[in-house]
Amino acid sequence: MIDSSVVSQLSGVLDGARLGGKAVQRLTLDYPDLNNIEGYKIQKKGINSRLEAGETVVGYKMGLTSKAKMEQMGLDQPIYGVLTNSMQVADKGTFSLGNAIHPKIEPEIAFVTCKDLGGKLSLEEVLDGVEGIVPALEILDSRFEGFKYFSLPDVIADNCSSSHFVVGSNVTPIGAIDLAALQLEMFVNEKLAESASSSTVLENPANAVVELCSLMDSFGETLPAGSIVLSGAATKAVSLEVGMNISLKVKELGDVFVTVGE
Ligand code: OOG
Ligand code: MG
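Everything numeric in this text was worked out from a predicted model, so none of it was measured.

(A) Region of the structure containing the site of ligand 1. In the vicinity of ligand 1, 17 residues are found, and the nearest of them are Lys61, Leu64, Glu106, Ser161 and Ala233. The backbone of Leu64 places a nitrogen or oxygen atom 2.7 Å from an oxygen atom of ligand 1. Measuring from an oxygen atom of ligand 1, one finds a side-chain N or O atom of Glu106 at 2.8 Å. Here ligand 1 loses 100% of its free accessible area of 320 Å² to cover by the protein chains. Only strand S1 (57-63), helix H3 (67-73), strand S4 (104-113) and strand S5 (130-140) provide two or more residues apiece to the shell around ligand 1. A per-element tally of the shell around ligand 1 places S1 first, with three residues. The residue inventory of the shell around ligand 1, partitioned by class, reads nine nonpolar, three polar and five charged.

Take a look at the structure:
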């Protein structure tokens, strides 16, 4: 077990890497026994320092919910991270590369909740608390050298590689939409780069919200009404470079668009 001073120290290392734009070695090299629960403690400490600096929580992200992502990262278990207001880039806006380390982008379905959701819920209970869904692009940036060769506790501690995210301008009520049959098409510079069916995300991306509530419940937390929830990428992520423009089109939902600047 690591004590609270180590939790603070490790979250400080990750914060320094994020703010300074310089990768660090994965935490498990020095702390090989680090477990997922400790990873979430480090994550929470990092989020608390962002909140102390004036950021607010606007939602959560699930990660590693599709086979494509699990294979790309060599990890096999859904995890969650926290999204703050300063991570959000407006639809049709510009993501500035700035001091990002090795950013990538990936296509997701996001949920917007309208009720507090807590505990072990059924799919129906979760859907009852959802206002609607929206196409989203998540921009990842691991604070670890090499991006890939970390373990679950490392990536959890690093707020699941969160950097920024963009959601489309229109939230579509689920109504008669078949959540397991949406086609996600991600275009890079107007060329189709990645595509997949929403069913690749836990068979139905709403299952990611079920899983998130259950994971949060294990820490005594609930998902507040008004949250944005990224359900996890349906395809592998694509590396970003200055000058790219990226859009995600989902026929039933519309699209979301971002440009990459310096
Ligand atoms: C971990 C975060 C995974 C997703 O959508 O699966 C994720 C990573 O890929 O570094 O956000
Ligand atoms: Mg993601």
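(B) Representation of helix H2 (residues 36-52) within the structure. Between its first and last C-alpha, H2 extends 24 Å over 17 residues, near the 24 Å set by a 1.5 Å rise per residue. Here H2 has its buried residues at Glu38, Gly39, Tyr40, Ile42, Gln43, Gly46, Ile47 and Arg50. Contacts from the buried residues of H2 go to helix H1 (4-20), S1, strand S2 (79-84), helix H5 (152-157) and helix H6 (206-217). Of the residues flanking the start of H2, the one acting as N-cap is Asn35, its side-chain oxygen 3.2 Å from the backbone nitrogen of Ile37.

(C) Representation of the side chain of Thr28 within the structure. Assignment of secondary structure puts Thr28 in the loop between H1 and H2. Reaching out from Thr28, the side chain makes a polar contact with the side chain of Arg26 at a distance of 3.0 Å. Within the structure, the side chain of Thr28 is placed 2.6 Å from the side chain of Asp154, a separation counted as a polar contact. If near-sequence neighbours (up to four positions away) are discounted, Thr28 is found in contact with Leu34, Ser151 and Asp154.

(D) Fine view of the coordination of the magnesium ion (ligand 2). The protein atoms donating to the magnesium ion (ligand 2) are Glu106 (OE), Glu108 (OE) and Glu138 (OE), with metal-donor distances spanning 2.0 Å. Mapping the donors of the magnesium ion (ligand 2) onto the primary sequence gives the spacing E-x1-E-x29-E. Placement of Glu108 in strand S4 and of Glu138 in strand S5 is noted, with a sequence separation of 30 residues between them.

Conventions used here
- Residues numbered from 1 in each chain as written.
- Chains lettered and ligands numbered in written order.
- Predicted model: local features only at pLDDT ≥ 70, side-chain atom pairs only at ≥ 80, totals over all residues.
- Heavy atoms only, no water.
- Near = heavy atom within 4 Å.
- Polar contact = N/O pair within 3.5 Å; in protein donor to acceptor, adjacent residues only side chain to side chain.
- Areas by Shrake-Rupley, 256 points an atom, 1.4 Å probe, with all protein chains shown as cover.
- Helix = DSSP H or I, 4+ residues; strand = E, 2+ residues; numbered from the N terminus.
- Nonpolar A, V, L, I, M, F, W, Y, C, P; charged D, E, K, R; others polar.
- Expected span 1.5 Å × (residues − 1).
- Buried < 20%, exposed > 50% of the residue type's maximum accessible area, 1.4 Å probe, protein only.
- Contact = heavy atoms within 4.5 Å.
- Donors = N, O, S within 2.8 Å, 3.2 Å for Na, K, Ca; no water.

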